Amino acid sequence: MATVLTRGKALPRATAHGSDSEKKDFDASSTSVASIPPLGEPIERKKHFWERSKPYDSEAIATLPSVFDDPETAEKYQPPAEWENAHRFDPLARWTWGEENKLIRKIDWRIMVWACIMFMALELDRANIGQALTDNFLPELKMNTNDYNLGNTVFKLSFLCAELPSQLVSKWVGPDRWIPTQMVLWSIVASAQFWLSGRTSFLVCRALLGMLQGGFIPDIILYLSYFYKHAELTIRLGYFWTAMSIADILSALLAQGLLRMRGVEGHAGWRWLFLIEGLLTLIIGIMAFLLMPAGPCQTASWFRGKGKEGWFNEREEVIMVNRVLREDPSKSDMHNRERITVGLLWKSLKDYDLWPLYALGLVFQIPFVPVGQYLTLSLRGLGFDTFQANLLTIPYTVGHMITMLAVAYAAEKFSNLTALSVTSQIWGLPFLIFFNVADLANTNRWVIYAVTTLLLSFPNPHPIQVAWNSRNANSVRSRTISAAVYNMAVQTSGIISSNIYREDDRASLYKRGNRQLLAILCMNIVVYALVKVYYVWKNKSRDKKWAAMTEEQRLDYLATTKDEGNKRLDFRFEH
């Protein structure tokens, strides 16, 4: 987020704990810069997730400078009265680092952990098809590799088509209502896969699963943005996608037991796998109705605390609302149950400044997805049995978790989202070259497995790019739509990926497909470079215009401009 300050005035600072200001009406006619309570300085955060937290003065003021510290500019960014958290907005509020960090840990426990659990449930029902493949799933349904590809394509196409409608419904009724509803509905379909009878029923179930699961991820991302600042969200999305990897590990371990149920009541093990994991999601979906509050100031319910207070007291709500809004005033643009009109939808879709990020979403995972999608099937082809094939997916999943978290932390530490994101492509380059030059038919199976594991352990920049998209949207309306469109681009890449490894290429261990993956990876490096160039150019153009304006012209611009979101001259794109 980069809303630049209008003035160059030095604001009062504090490095030690001072008395907290009583809440006052922020009136530009009676408040001056000199009367603003002291502000704090940023503290040094740890560079990597494995490090201990840096020492800091817990009594120091944590309230950082923002546009709300100048009465004249504060009026231009004032949250509307109908915003659900407006009663907790107080530009004169001050709090300490001790208070803020304690509150962040509480939000992590109450909000983030449950979001991760829900995502794990989605991943179990989305990815357990990989475990089913090792248990004679295709032969028993009289299907082949191309049928499996078609199923993946149907799932991803349905998922893609549901993204935007789901996000619009979620914005209208609230993610706290819509997400649990989605989970309950898709869990019923997931469990119903127990009764699959052939190609047609397989395709129908994949279509329904995609339709009902689509939109879940952007819904959750928008929901989390209510509670976290931008850099915090990037790190937590790293853990969010780590939860997906943990679900993949659990899925492999659960498959060890559930697939051994082959013969129970005369049914195959893969049927029990679908049924039991679907019922587990049903339980989590029902619990989600109780454990998802509508927003930071709406946590009170019979299940989430006593009386009117809920999970957070008044002081905590004031800190939650003001620390997020001071960083990004655009987060008060819309009520959390306000629907997006057709006009606003069209305005968001034609926001060309976000198209570079959609392009990244379309291509960045393609070099890796086909290899991972066919891993269990490939391992069976290399001579590993059903249970070995499932367990051998665990090492790359662990490696993937470590590298993904490391690159997410590094992106925030070095403030260079593009450079850290492109490391995924550079990582995959030597391994895809190996697959293209080696004689795989005569290569030791453990060597092939080792190279595949290293390739799939790539530092996935997905959490960085999702948060990057959220930052550069700079309005709730645009953030809602762009989250869905970005994820639609990612799902489109999944459709492309599902059709690179083909049945007629299987005998050569997908040599043709691997050539295509290498070519796409090289293209991706160029795409990342172009995205960097575009955002640097946009920011320099705005800097030039902003610097040419006098202070009075800037204030007049803020008072009269019709520019919105990331089109404002005082906004700078992250890159």
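Residues numbered from 1 in each chain as written. Predicted model: local features only at pLDDT ≥ 70, side-chain atom pairs only at ≥ 80, totals over all residues. Heavy atoms only, no water.

S.K.: Outline the side chain of S457, listing residues and values.
M.R.: With respect to the element layout, S457 can be found in the loop between α20 (445-456) and α21 (462-473). Look at S457 and you get buried, because its relative accessible area is 7%. (Helix = DSSP H or I, 4+ residues; strand = E, 2+ residues; numbered from the N terminus. Buried < 20%, exposed > 50% of the residue type's maximum accessible area, 1.4 Å probe, protein only.)

S.K.: Describe the pattern of salt bridges, naming the residues involved and giving the relevant values.
M.R.: Under the criterion given, the structure shown has 19 salt bridges. Two residues, D69 and R94, come together in a salt bridge whose shortest N-O distance is 4.0 Å. Taken together, the residues span a long stretch of sequence, with D69 in the segment before α1 (71-77) and R94 in the loop between α1 and α2 (97-127) at a distance of 25 residues. Measuring nitrogen to oxygen at the nearest pair gives 2.8 Å for the salt bridge that ties E123 to R126. Of this pair, E123 and R126 are both found in helix α2, three residues apart, which corresponds to roughly one turn of the helix. We note that E123, like R126, is buried. Residues joined by salt bridges that share partners form a network here, namely D351, D353, K538 and K567. (Salt bridge = Lys/Arg side-chain N within 4 Å of Asp/Glu carboxyl O.)

S.K.: Quick rundown of the UniProt feature "transmembrane region" (unreviewed entry) in the protein? Include the residues and the values.
M.R.: Mapped onto this structure's residue numbering, the UniProt feature "transmembrane region" (unreviewed entry) falls at residues 203-226, 238-259, 271-292, 355-377, 389-411, 417-438 and 517-537. Here residues 417-438 runs as 91% helix and 0% strand, with 34 Å between its end C-alpha atoms. Between the C-alpha atoms that bound residues 517-537 there is a distance of 30 Å. The span itself is 100% helix and 0% strand. (UniProt positions renumbered as here; feature names shortened; annotations may be inferred.)

S.K.: Describe the environment of A410, naming the residues involved and giving the relevant values.
M.R.: Within the secondary structure, A410 is located in helix α17 (residues 394-414). Residue A410 is classed as buried on the basis of its relative accessible area of 9%. Between the C-alpha atoms of A410 and L420, which are 10 residues apart in sequence, the distance is 7.2 Å.

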